[in-house]
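What follows is the residue order along each chain.
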Amino acid sequence: RLPAHQINAPSEKVIEATRRVIAAKKFGVISAKATELDAEFYVRSALGTRLIIHVVAKGQSQTKVQFLIGGRRDTTIAALLLEEIKASATVAPSP
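Caption draft 1: Main features of the pattern of salt bridges. Going through the model one piece at a time under the given rule, you end up with four salt bridges. Measuring nitrogen to oxygen at the nearest pair gives 3.7 Å for the salt bridge that ties Lys 33 to Glu 40. Taking relative accessible area as the criterion, Glu 40 reaches 18% and is therefore assigned buried. Among the salt bridges present, the one from Lys 86 reaches Glu 83, with a minimum N-O distance of 3.9 Å. Of this pair, Lys 86 and Glu 83 both sit in helix α2 (residues 75-89), three residues apart, which is roughly one turn of that helix. Lys 86 gets classed as partly exposed once you look at its relative accessible area, which sits at 27%. Under the relative-accessibility criterion, Glu 83 is labelled partly exposed at 46%.

The structure is reproduced here in structure tokens:
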């Protein structure tokens, strides 16, 4: 099982934040499937490393995110991506 990380934000915001981070990092999208409650992204880095990101709702304002990077649990890259997703998902909208 992959380690799960909790983000205090609704799943829709976390899914959109994940899309923004993927685009900002210029990852190549192999496959992306999403509903309002969950999503699964298969992407590839510039060096060809495959990343799988799972996003699953855990209630109204809790979302679980899991990473599999290069076929293993790379905690360094996962931590960096998690912080960017978390920051993007919890930014208050502009007035």
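Caption draft 2: Summary view of the packing of helix α1 (residues 11-24) against α2. As a packed pair, α1 and α2 sit with axes 8 Å apart at the nearest point and diverge in direction by 125°. Considered as vectors, α1 and α2 are oriented oblique to each other. Note on packing geometry: the crossing formed by α1 with α2 is right-handed. Every residue of α2 that contacts α1 at Lys 13, Val 14, Ala 17, Thr 18, Arg 20 and Val 21 is listed here: Leu 81, Glu 84, Ile 85, Ser 88 and Ala 89. Along the lines of polarity and charge, the residues of the contact of α1 with α2 split into six nonpolar, two polar and three charged.

Caption draft 3: Molecular detail of the sheet that holds strand β3 (residues 38-44). Spatial strand order, β1-β5-β4-β3-β2: five strands in an open sheet with antiparallel pairing. Two strands bound the open sheet, and with one partner strand each, they are β1 (4-7) and β2 (28-34). Going across the sheet, the axis of each strand differs from the next one's by a mean of 20°, ignoring polarity. Direction of pairing for β3 relative to strand β4 (residues 50-57): antiparallel, over a ladder of seven bridges. Bridge assignment links Glu 40 to a residue of β4, and that residue is His 54. Strand contacts of α1: β1, β2, β3, β4 and β5 (63-69), with the helix running at about 10° to β3, the strand carrying the most contacts. Contacts between α2 and the sheet are confined to β1, β4 and β5, with β5 contributing the most and set at about 145° to the helix.

About the criteria used
- Residues numbered from 1 in each chain as written.
- Predicted model: local features only at pLDDT ≥ 70, side-chain atom pairs only at ≥ 80, totals over all residues.
- Heavy atoms only, no water.
- Salt bridge = Lys/Arg side-chain N within 4 Å of Asp/Glu carboxyl O.
- Buried < 20%, exposed > 50% of the residue type's maximum accessible area, 1.4 Å probe, protein only.
- Helix = DSSP H or I, 4+ residues; strand = E, 2+ residues; numbered from the N terminus.
- Axes fitted to C-alpha atoms, helices over the stretch in contact; angles between N-to-C directions.
- Parallel < 35°, antiparallel > 145°, perpendicular 65-115°, else oblique.
- Left-handed = near helix turned anticlockwise from the far one by under 90°.
- Contact = heavy atoms within 4.5 Å.
- Nonpolar A, V, L, I, M, F, W, Y, C, P; charged D, E, K, R; others polar.
- Pairing = 2+ DSSP bridges.

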